[in-house]
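Remarks on the overall topology
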Amino acid sequence: MKSFYEKCYAVLRKVPKGKVTTYKEIARALNSKAYRAVGTAMNKNPYAFPAARGRAGGDSLKSSDLVPCHRVINSNGELGGFASGLKNKIKLLKSEGVEISNNKIDLKKYFFRLR
DNA sequence: CTAATGACATTTG
DNA sequence: ACAAATGCCATTA
């Protein structure tokens, strides 16, 4: 049986490059209100991007299995946190074309609606 | 089983 | 607008 965390990852994988979603939205997609637990899931994310972990390739995970945890932000448009450093999160997002102004993201432009 | 922990969200001062 | 307090849920010790 799939754990709650794995469900989070499954949903998050739908978010395309250049878009972002929120912890709350993921919880809602799972018909739940456990956005707090979603944050924990991202923190423990075993499928993190190699680039996000500050290391080049070398792992055996397929890109289709990777979870874009850097595309998850707070519901108010702020960045939230990141296991391997918030700065890395910013860098990844910008490299995907997401504009970040004043440590915030315009949800009207970049929010990807689930479900 | 009970208590503690977070990459959150909302309400209140 | 900002900071603190409260509520929240799955996971882990």
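Read on for an overview of the structure. Throughout, a residue's number is its position along its own chain's written sequence, starting from 1. Chains carry letters and ligands carry numbers; both start at the beginning, A for chains and 1 for ligands, and go up in the order they are written. Residue-level local features of this predicted model are given only where pLDDT is at least 70; pairs of side-chain atoms are given and counted only at 80 or more, and the full residue set underlies all totals for whole chains, interfaces and linings. As a rule here, side-chain values cover all heavy atoms of the structure and leave hydrogens and water aside.

Now for the protein's contact with DNA strand C. In this text, near means that some heavy atom of the residue lies within 4 Å of the molecule or strand in question. In the neighbourhood of DNA strand C, the contacting residues comprise Ser-3, Phe-4, Tyr-5, Lys-33, Ala-34, Tyr-35, Arg-36 and Ala-37. Here, DNA strand C places atoms within 4 Å of the protein, and 64% of those atoms are sugar or phosphate. One of the side-chain N or O atoms of Tyr-5 is found 3.5 Å from a sugar or linking oxygen in DNA strand C. Within the side chain of Arg-36, an N or O atom sits 3.0 Å from a base nitrogen of DNA strand C. Strands here mean DSSP runs of E at least two residues long; helices mean DSSP runs of H or I at least four residues long; both are numbered from the N terminus. Of all elements in the fold, only α1 (4-12) and α3 (35-43) reach the threshold of two or more residues within the surface near DNA strand C. Of the residues forming the surface near DNA strand C, the biggest block, three residues, is contributed by α3. Pairing of N or O atoms within 3.5 Å defines a polar contact, subject to two protein rules: one partner must be a possible hydrogen donor and the other a possible acceptor, and residues neighboring in sequence count only if both atoms are side-chain atoms.

This brings us to the packing of aromatic side chains. When two rings of Phe, Tyr or Trp (its six-membered ring) have centres within 6.5 Å they constitute a pair, described as stacked for plane angles under 30 degrees, edge-to-face for angles over 60, and tilted for the intermediate range. In this structure the tally under the stated criterion is one aromatic pair. When the centroid spacing of 5.6 Å and the interplanar angle of 80° are considered together, the rings of Tyr-9 and Tyr-47 count as edge-to-face. Taken together, the residues span a long stretch of sequence, with Tyr-9 in helix α1 and Tyr-47 in the loop between α3 and β2 (72-73) at a distance of 38 residues. Under the scheme applied here, a residue whose accessible area is under 20% of the maximum for its type counts as buried, over 50% as exposed, and between as partly exposed, the area being computed with a 1.4 Å probe on protein chains only. You can call Tyr-9 buried: its relative accessible area is 3%. Residue classification places Tyr-47 among the partly exposed positions, given a relative accessible area of 25%. We call a charge positioned over a ring when the NZ of a Lys or the CZ of an Arg lies within 6 Å of the ring centre and within 35 degrees of the ring normal. Across from the ring centre of Tyr-47, 5.3 Å away, lies the NZ or CZ of Arg-13, which sits over that ring.

Let us look at the nonpolar core. Cys-8, Leu-12, Ile-26, Val-38, Met-42, Val-72 and Leu-114 are the most contacted members of the largest nonpolar core, which has 22 residues in total. At the level of elements, α1, α2 (23-29) and α3 are the ones that each hand at least two residues to this core. Contacts: residue pairs with any heavy atoms within 4.5 Å of one another. Not counting chain neighbours up to four residues away, the residues in contact with Cys-8 comprise Ile-26, Leu-30, Val-38, Ala-41 and Met-42. Counting residues in hydrophobic clusters, the runner-up holds eight residues, among them Leu-79, Val-98, Ile-105 and Tyr-110. To define a nonpolar core, start from buried Ala, Val, Leu, Ile, Met, Phe, Trp, Tyr and Cys residues and group those joined through side-chain atoms within 4.5 Å.

Our next topic: the environment of Leu-12. For Leu-12, the position within the fold is in helix α1. Spatially, the C-alpha atom of Leu-12 lies 14 Å from that of Lys-44, the residues being 32 residues apart in sequence.

Pairing between side chains of opposite charge can happen when their charged atoms approach one another. In what follows, salt bridge is the name for a side-chain nitrogen of Lys or Arg lying within 4 Å of a carboxyl oxygen of Asp or Glu. With the rule as written, the count across this model stands at two salt bridges. For Arg-28, the salt bridge identified is with Glu-25, shortest N-O distance 3.1 Å. Residue Arg-28 and its partner Glu-25 are located together in helix α2, separated by three residues, close to a single helical turn. We classify Glu-25 as buried; its relative accessible area is 7%. Arg-71 is the salt-bridge partner of Glu-96, the closest N and O atoms lying 2.8 Å from each other. Pair noted here: Glu-96 is in the loop between α4 (86-95) and β3 (100-101) and Arg-71 is in the loop between α3 and β2, with a separation of 25 residues, a long-range link. Note on accessibility: Glu-96 and Arg-71 belong to one class, buried.

Purely spatial values, then, with no claim about function.
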